[in-house]
Amino acid sequence: NFRKISDETISVWSEILKKIENSSLILKSSEFCSEEILMEKFKINGVNNKIKIFNKIDFKKKNDHLNLYKKVDLSLDTFPYNGVTTTFESLWMNVPVLVLKGFNFNSRCGESIIKNTKLDYFIAKNKTEYIEKALNLSQNKESLVMYRKKIYETILSSPLFDTRKFTQNFQNLLLKL
């Protein structure tokens, strides 16, 4: 959702794009928005040439949408309003998600998802650490590849993806009530 991309997020993402050679940022929203307004914000930060915006019409099938993750090395979460569905999709497709530690319910969704999947390295305490971790991962491809190899198995064993256990717990709670 492009409305989640705050000016603060654009500033941090732009800093990352400036510091990582040959980097680019892929954006795609499930909703229509003014690409011109969004691109103008990146232009002000001097990185508009590193941004690729896909239109929702380009992805008629769910597989087309999910296959876009194959072009992504690292997902950068928005803040203060985090992704939720996007975070789960990214992890499902073996792409780590870098999140910023939040300060209220809306801004802690990304942190909560990553914490429950035991991928704590991808939680940044502040914007400086967020940038540093993105830079570190871009310079340490082996580490990124190692994380990507184990994400899928890691998330499947997490409480967030254990639907059988969730269902059992939910059923037990209903019976208790």
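Look up: the structure comes first, before these words.
Attention here is on the structure that accompanies the text. Within each chain, residue numbers correspond to sequence positions counted from 1 in written order. A pLDDT threshold of at least 70 governs which residues receive local features in this predicted model, and a stricter bar of 80 or more applies before side-chain atom pairs are shown or counted, although totals over entire chains, interfaces and linings include all residues. Values reported for side chains reflect all heavy atoms of the structure, with hydrogen atoms and water molecules removed beforehand.

Examining helix α5 (residues 109–116)
Every buried residue of α5 is accounted for by Cys109, Gly110, Glu111, Ile113 and Ile114. Each element contacted by the buried residues of α5 is listed here: α4 (85–92), β4 (97–100) and β5 (123–124). Directly after α5, the chain includes Lys118, whose backbone phi takes a positive value near 60°. Only protein chains enter the accessibility calculation, which uses a 1.4 Å probe; a residue is then buried when its area is under 20% of its type maximum, exposed when over 50%, and partly exposed in between. The helix and strand labels rest on DSSP assignments: H or I over at least four residues marks a helix, E over at least two residues marks a strand, and numbering proceeds from the N terminus. By definition, residues are in contact when any of their heavy atoms lie within 4.5 Å.

Some remarks on the environment of His65
Relative to the elements of secondary structure, His65 occurs in helix α3 (residues 62–67). Residue His65 is classed as buried on the basis of its relative accessible area, which comes to 14%. In this structure the C-alpha to C-alpha distance between His65 and Glu89, which are 24 residues apart in sequence, comes to 9.7 Å. Not counting chain neighbours up to four residues away, the residues in contact with His65 comprise Lys28, Phe59 and Glu89.

Focus on the side chain of Glu89
Note on placement: Glu89 falls in helix α4. Residue Glu89 is classed as buried on the basis of its relative accessible area, which comes to 11%. Separated by 2.7 Å, the side chains of Glu89 and His65 make a polar contact. The term polar contact refers here to a pair of N or O atoms within 3.5 Å; inside protein, the definition further demands a hydrogen-donor-capable atom paired with an acceptor-capable atom, and it admits residues adjacent in sequence only when both atoms are side-chain atoms.

Details of the packing of aromatic side chains
Here is the rule: rings of Phe, Tyr and Trp (six-membered ring for Trp) pair when centre to centre is within 6.5 Å. Planes less than 30 degrees apart are stacked, more than 60 are edge-to-face, and the remainder are tilted. Using the criterion set out here, one finds 8 aromatic pairs in the structure. Arranged with centres 5.6 Å apart and planes meeting at 65°, the rings of Phe88 and Phe161 form a pair that is edge-to-face. Linking Phe88 in helix α4 with Phe161 in the loop between α7 (141–156) and α8 (163–176), this pair joins segments that are 73 residues apart in sequence. For Phe88, a relative accessible area of 24% translates into the label partly exposed.

Side note on the pattern of salt bridges
When a carboxyl oxygen of Asp or Glu lies within 4 Å of a side-chain nitrogen of Lys or Arg, that pair is called a salt bridge. Throughout the structure, instances matching the rule amount to 6 salt bridges. Between Lys127 and Glu8 there is a salt bridge, with the nearest N and O atoms lying 2.7 Å from each other. A residue pair is termed long-range when its members are at least 10 positions apart, and Lys127 in helix α6 (residues 127–139) and Glu8 in helix α1 (residues 7–19) qualify at 119 residues. On the basis of relative accessible area, Glu8 is assigned to the partly exposed category, the value being 36%.

Some points on the pairing of β4
Side-chain alternation along β4 places Val97 and Val99 on one buried face and Leu98 and Leu100 on a second face that is also buried. DSSP calls a pair of strands paired once it identifies at least 2 bridges connecting them. Bridging between strand β3 (residues 75–76) and β4 involves 2 bridges; their strand directions are parallel. Bridging across to β4, Leu76 finds its partner in Leu98. When the strands point away from the viewer, a crossover counts as right-handed if the path from the first strand over the helix to the second runs clockwise. At this point the chain moves from β3, through α4, to the parallel β4, and the crossover so formed is right-handed.

A word on the nonpolar core
The definition of a nonpolar core used throughout is a set of buried Ala, Val, Leu, Ile, Met, Phe, Trp, Tyr and Cys residues joined through side-chain atoms within 4.5 Å. With 39 residues, the main nonpolar core has Leu27, Phe42 and Tyr130 as its most contacted residues. Residue contacts for Leu27: discarding those within four places in its chain leaves Phe2, Ile5, Trp13, Leu38, Phe42, Ile51, Lys52, Ile53 and Phe54.

What to know about the packing of α1 against helix α2 (residues 35–44)
Viewed as axis vectors pointing N to C, α1 and α2 meet at an angle of 50°, and their least axial separation amounts to 9 Å. By the angle between their axes, α1 is oblique relative to α2. Our pair here, α1 against α2, has a crossing hand that is right-handed. Here Asp7, Ile10, Trp13 and Ser14 of α1 lie close against α2, whose contacting residues are Leu38, Lys41 and Phe42. Only C-alpha atoms enter the line fits that serve as axes; for helices the fit covers just the stretch in contact. Angles between N-to-C directions range over 0 to 180 degrees. Should an angle fall under 35 degrees it is called roughly parallel, over 145 degrees roughly antiparallel, and 65 to 115 degrees roughly perpendicular, with every other angle called oblique. Helix crossings fall into two classes, left-handed where the near helix is turned counterclockwise from the far one by less than a right angle and right-handed where it is turned clockwise.

A short note on the environment of Pro159
Looking at the secondary structure, you find Pro159 in the loop between α7 and α8. Residues Pro159 and Ile113 lie 46 residues apart in sequence; the distance between their C-alpha atoms is 9.9 Å.

Quick notes on unusual backbone geometry
That bond from Phe79 to Pro80 is cis: its omega, 5°, falls within 30 degrees of zero. For Pro80, the location among the structural elements is in the loop between β3 and α4. A positive phi angle, near 55°, is found at Asn22, a position not held by glycine.

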